[in-house]
Amino acid sequence: MRILLIEDDAMIGNAVSRGLGQAGFAVDWVTDGRAADVALAHRSHDLAILDLGLPKQDGMAVLATLRSRGDSMPVLIASARDTVRDRIAGLDAGADDYLLKPFDLDELVARVRALLRRHAGSATPILSFGGVDLDPVRRRVTRHGEPVALSAREFSILEALMQRPGAVLSREKLEESVYGWADEIGSNAIEVHLHHLRKKLGPGFIKNVRGVGYRVAEA
Ligand code: CA
């Protein structure tokens, strides 16, 4: 899953990027309101963490632009603006959650997971399909109850596919969900990871829909 972090404070931005990275998310970080507009228009992120006091354009304006396009991407406001009125204004403008600074990093990550879960229409944290269970919090996968050891990238690809069982994800979409801007992507990197996943989960679990992409399927 790929997160857009919109934050102009270097210390907070560094800490949040690192924390989300350790929790297995790909993170892109922009530091002003204009750059946020540009990044959001690409629609390549699964969730945005939005500071309000930003250079060039306020976070509330960034949020208004996003929602005026009809984009339903989950947005978590993380701001030092601590009045009830600020929080109500943020939520009413279309934010899905509002976290006050200073916040606990673990709580931020847990809220991000909860928002992504809800957005995918799932109330339970464990993703289950075709005998495979994926636990996004503990970063563990089992197949018919047996643990399966996956690399971080393999885990992220499987997580993206299991978010919407049966839906076909293109190679580009999988790359977006696994890599941030700063990552070097080899030309066949996704195929290599998929090859390893198939070996570990059985050849029938991830189906290649020729010319379109990939999906998970009941074996
Ligand atoms: Ca700020």
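Residues numbered from 1 in each chain as written. Predicted model: local features only at pLDDT ≥ 70, side-chain atom pairs only at ≥ 80, totals over all residues. Heavy atoms only, no water.

A. Layout of the overall build of the protein. A tally of helices and strands in the protein yields 8 helices and 11 strands. Dimensions along the principal axes, computed over C-alpha positions, put the protein at roughly 55 × 30 × 30 Å. In the protein, which comprises 219 residues, the share counted as buried stands at 45%. Of the contacts made within the protein by residues no fewer than 6 positions apart, 58% connect residues no fewer than 24 positions apart. (Helix = DSSP H or I, 4+ residues; strand = E, 2+ residues; numbered from the N terminus. Buried < 20%, exposed > 50% of the residue type's maximum accessible area, 1.4 Å probe, protein only. Contact = heavy atoms within 4.5 Å.)

B. Representation of the environment of Leu47 in the model. Relative to the assigned elements, Leu47 resides in strand β3 (residues 47-50). The class for Leu47 is buried, based on a relative accessible area of 0%. As a C-alpha pair, Leu47 and Arg2 span 45 residues in sequence and 7.0 Å in three-dimensional space. Among residues more than four places away in sequence, those in contact with Leu47 are Arg2, Ile3, Leu4, Met73, Pro74, Val112, Leu115 and Leu116.

C. Spatial organisation of the side chain of Arg113. On the secondary structure map, Arg113 appears in helix α5 (residues 105-119). Comment: no salt bridge for buried Arg113; closest opposite-charge side chain is Glu159, at 6.7 Å. Arg113 has contacts with Ala23, Phe25, Pro136 and Val137, leaving out every residue within four places of it along the chain. (Lys, Arg positive; Asp, Glu negative; His and termini not counted. Salt bridge = Lys/Arg side-chain N within 4 Å of Asp/Glu carboxyl O.)

D. Summary view of the sheet that holds strand β9 (residues 146-148). If you trace the 4 strands from one edge of the open sheet to the other, you get β6-β7-β8-β9, paired in antiparallel fashion. Each having just a single partner strand, β6 (127-129) and β9 make up the two edges of the open sheet. Between one strand axis and the next, the sheet turns through 25 degrees on average, direction left out of account. Looking at chain direction, strand β8 (residues 140-143) and β9 are connected through 3 bridges and run antiparallel. Looking at the pairing, Arg143 lines up with Glu146 of β9. Sheet contacts for helix α6 (residues 152-163): β6, β7 (132-135) and β8; angle to β7, the most-contacted strand, approximately 110 degrees. Running at roughly 50 degrees to β8, helix α8 (residues 189-201) makes contact with β7, β8 and β9 of the sheet. (Pairing = 2+ DSSP bridges. Axes fitted to C-alpha atoms, helices over the stretch in contact; angles between N-to-C directions.)

E. Region of the structure containing unusual backbone geometry. Following Lys101, the chain continues to Pro102 via a peptide bond in cis, the omega torsion being -5 degrees. Note that Pro102 resides in the loop between β5 (97-100) and α5. Phi angles above zero are rare outside glycine, and His144 is one such case at about 50 degrees. Mapped onto the secondary structure, His144 falls in the loop between β8 and β9. With a relative accessible area of 59%, His144 lands in the exposed category.

F. Region of interest: the coordination of the calcium ion. In the first shell of the calcium ion, the protein supplies Asp8 (OD), Asp51 (OD) and Gly53 (O), at 2.1 to 2.3 Å from the metal. Of note, the calcium ion draws all its donor residues from one chain, in the sequence arrangement D-x42-D-x1-G. Accessibility expressed as a relative area gives 38% for Gly53, which makes it partly exposed. (Donors = N, O, S within 2.8 Å, 3.2 Å for Na, K, Ca; no water.)

G. Fine view of the nonpolar core. Core analysis: the biggest nonpolar cluster contains 26 residues, and Val141, Leu158, Leu161, Met162, Leu174, Leu194 and Phe205 have the highest contact counts within it. When residues in this core are grouped by element, the largest group, 6 residues, is from α6. Setting aside chain neighbours within four positions, we find Val141 in contact with Val132, Asp133, Leu134, Glu146, Pro147, Val148, Leu150, Phe155, Leu158 and Leu201. With 18 residues, the next largest nonpolar core counts Ala36, Leu52, Met73 and Ile77 among its residues. (Core = buried A, V, L, I, M, F, W, Y, C linked by side-chain atoms within 4.5 Å.)

H. The arrangement of the packing of aromatic side chains in detail. Considering all chains together, one arrives at 1 aromatic pair under this definition. Each ring, one from Phe129 and one from Phe205, has its centre 6.2 Å from the other, and the planes form 50 degrees; the classification is tilted. Note that Phe129 is positioned in strand β6 and Phe205 in the loop between α8 and β10 (206-209), a separation of 76 residues in sequence. In this structure Phe129 comes out as buried when scored by relative accessible area, which is 17%. Residue classification places Phe205 among the buried positions, given a relative accessible area of 3%. (Phe/Tyr/Trp six-rings, centres within 6.5 Å; stacked < 30°, edge-to-face > 60°.)

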